[in-house]
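# Structure at a glance
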Amino acid sequence: MEKGHVAIVGGGVAGVTAALALGTLGVRVTLFEKGASLVGGPPFCHLHAGGNLYREISDDQCVALLRQSVEFARLYPFVVDRRPTVIAVPTRDEGSPEALLPRLALLRDEYAKLVAADPANEVLGPPEGYFRLFDEAKLRELAERPLASSPPENAEAWMVPAAKRLDVSKVKFPLILVQEYGLNMFRLAAGAKLALEAMEEVDLRLETSVTGIEPAHGGYRLAWRGRGGESGICEADYLINAAGFLTGSIDDMLGIREKRMVEFKAAYTSLWRDRERFWPEVIFHGKRGTPRGMGQFTPYAGGYVQLHGMTKEITLFENGLAASTEESSQPRLPETFLEWIEKGWPEEVICERTRRAIDFLAYFIPGFAEAEVGGPPLFGAQQIPGDDPELRVAEVAFPRARYARCEIVKVSSATDMARAIASDLAAEGLCDAAKPPATLPALEALEEAAVAKEAARIALSRGYPEAMASLNVG
Ligand SMILES: Cc1cc2nc3c(=O)[nH]c(=O)nc-3n(C[C@H](O)[C@H](O)[C@H](O)COP(=O)(O)OP(=O)(O)OC[C@H]3O[C@@H](n4cnc5c(N)ncnc54)[C@H](O)[C@@H]3O)c2cc1C
């Protein structure tokens, strides 16, 4: 059967995962990305393997995030920072750690089922160790233990730095350590670029914007323009809209009206020179959007720590959430945020917000007050289909024949998304196999040295410290 030609607009996690999966199935792909490198949109640092950061979402969404995260970690193993996450409920918060336990038990059982179904799914350690509880007495005992000089091999060893540094009066017990790992976006950007460049089926067009689309010959005709001013037309049998927060602008080109939101958010780059080498991520629960919103302390290599604080003064922004209108499927963010996305942030805003983020986390980890601004923030606008801003699991829709619209809210949803697109292409007779494999040869063939070098280059080219391109625990 003759294979189809697929045009993908957008080279974020959604676009590159689709390109890798379809290219592997022998489909001819042209991937357009207006930026100079791939995966340069909103950041990601956390593999939500169970969604335990979100008390407010349903068990079903958590179980879906777990399964998708296991698949994502199998697909992109070189991106996973294998350090667990500590979940703490602050004393000032209304919630209790006990209330979190039924869901954790459910997730542990679901993970055990995934591993029983396929041993290769055991990417988060043994299922019985999916989570561990630590009472105050145990934490005090751990605080006296020496620090690990190599990556800790068990849950207790992972807790030692937190035990030494946390202000125990600020958190409720037990603390929970869960096998939710980290992700490194620079390594994904690097690996995807190297793998896609090596695939004959994929034509990768960086620095190329899609400026217009119209239906043609049962497929689509795309007009594109390169950064140097060159332009052209691309005819494709099938269109994938993976334009991230600009998804609505592609819908608008096609005259499709759809409800969606976009949210501008930021995490901050700090440097804690005195930091112990192997920290888990630590999250402090809190009610989103209030001055006591969730805090997220995410360790990178070299003493760098990425920070979230779910308050309007730190990660969230006044007028940062915009919705589509009757006239346009593309929500309109305030000009300031669009300008920051294109050109970067003013230095004084970086300093002010990063300092606030440091102080926010230092409330729980007093020694962290010594940290300093470590680099630019990690920021961007995130698309949310529909009108529920709490939605955390979404993949892809097919609003019209031969048109797939990707709207992932978490990066791990990209595997389900790619599978659904392959199946739709097969139904259209444009692809032989309906299911991409769990691991892709082009990613498996990557050489570590090449990924590390390219990831460092990308981090530096975007103004981030080189150390942030490395895994803390590979
Ligand atoms: C502060 C913050 C923290 C986050 N943390 C996490 C996390 O820890 N874990 C997690 O799973 N998720 C996280 N997310 C969400 C995650 O970043 C997004 O879900 C994900 O990056 C979306 O990927 P995407 O490929 O859909 O979109 P994008 O990465 O935005 O990619 C879309 C691409 O399309 C390109 N494009 C748009 N229009 C055109 C055009 N006309 N022509 C050519 N190219 C075009 C853009 O340049 C862009 O590169 C976070 C989001 C934010 C804002």
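In this text the structure is predicted, and so the values were computed from the model without any measurement.

## Some words on the environment of Gly11
By the secondary structure assignment, Gly11 is in the loop between β1 (5–9) and α1 (13–24). Residue Gly11 is classed as buried on the basis of its 31 C-beta neighbours within 10 Å. Filtering out sequence-adjacent residues up to four positions away, Gly11 remains in contact with Val16, Leu31, Glu33 and Leu38.

## Some remarks on the site of the ligand
For the ligand, the set of nearby residues contains 38 residues, the closest of which are Gly10, Gly12, Ala14, Gly41 and Gly244. Those elements giving two or more residues to the shell around the ligand turn out to be α1, β9 (208–216), β13 (260–271) and β19 (378–385). Partitioned by chemical class, the residues of the shell around the ligand number 20 nonpolar, 14 polar and four charged. Lining the shell around the ligand are residues from two domains, each supplying at least three of them: domain 1 (5–42 + 186–256 + 390–469) and domain 2 (78–183 + 260–385).

## A look at the domain arrangement of the protein
Its domain assignment divides the protein into domain 1 (5–42 + 186–256 + 390–469) and domain 2 (78–183 + 260–385). Averaged C-alpha coordinates put domain 1 and domain 2 at centres separated by 28 Å. Each side of the interface is counted separately: domain 1 has 26 residues, and domain 2 has 24 residues. Contributing elements (two or more residues each) for the side of domain 1 that touches domain 2: α6 (185–197) and α7 (247–253). Per-element accounting of the side of domain 1 that touches domain 2 gives the leading share, five residues, to α7. Taken together, the residues that form the side of domain 1 that touches domain 2 break down as 15 nonpolar, seven polar and four charged.

## Quick look at the pairing of β13
Burial runs high along β13: twelve of the twelve residues are buried. On β13, burial covers both faces: Arg260, Val262, Phe264, Ala266, Tyr268 and Ser270 on one face and Met261, Glu263, Lys265, Ala267, Thr269 and Leu271 on the other are all buried. Looking at chain direction, β13 and β19 are connected through eight bridges and run antiparallel. Paired with Phe264 across the bridge in β19 is Ala381. The pairing of β13 with strand β17 (residues 321–323) spans three bridges and is antiparallel. Among the inter-strand pairings, Val262 is bridged to a residue of β17, identified as Ala322. In terms of strand pairing, β13 meets strand β16 (residues 304–309) through four bridges, oriented antiparallel. Bridge pairing in β16 links Ser270 to Val305. Pairing between β13 and strand β18 (residues 372–373): two bridges, direction antiparallel. Bridge pairing in β18 places Ser270 opposite Val373.

Conventions used here
Residues numbered from 1 in each chain as written. Predicted model: local features only at pLDDT ≥ 70, side-chain atom pairs only at ≥ 80, totals over all residues. Helix = DSSP H or I, 4+ residues; strand = E, 2+ residues; numbered from the N terminus. Buried ≥ 20, exposed ≤ 12 C-beta atoms within 10 Å, placed from the backbone. Contact = placed C-beta atoms within 7 Å. Near = placed C-beta within 6 Å. Nonpolar A, V, L, I, M, F, W, Y, C, P; charged D, E, K, R; others polar. Domains from an automatic or database assignment. Pairing = 2+ DSSP bridges.

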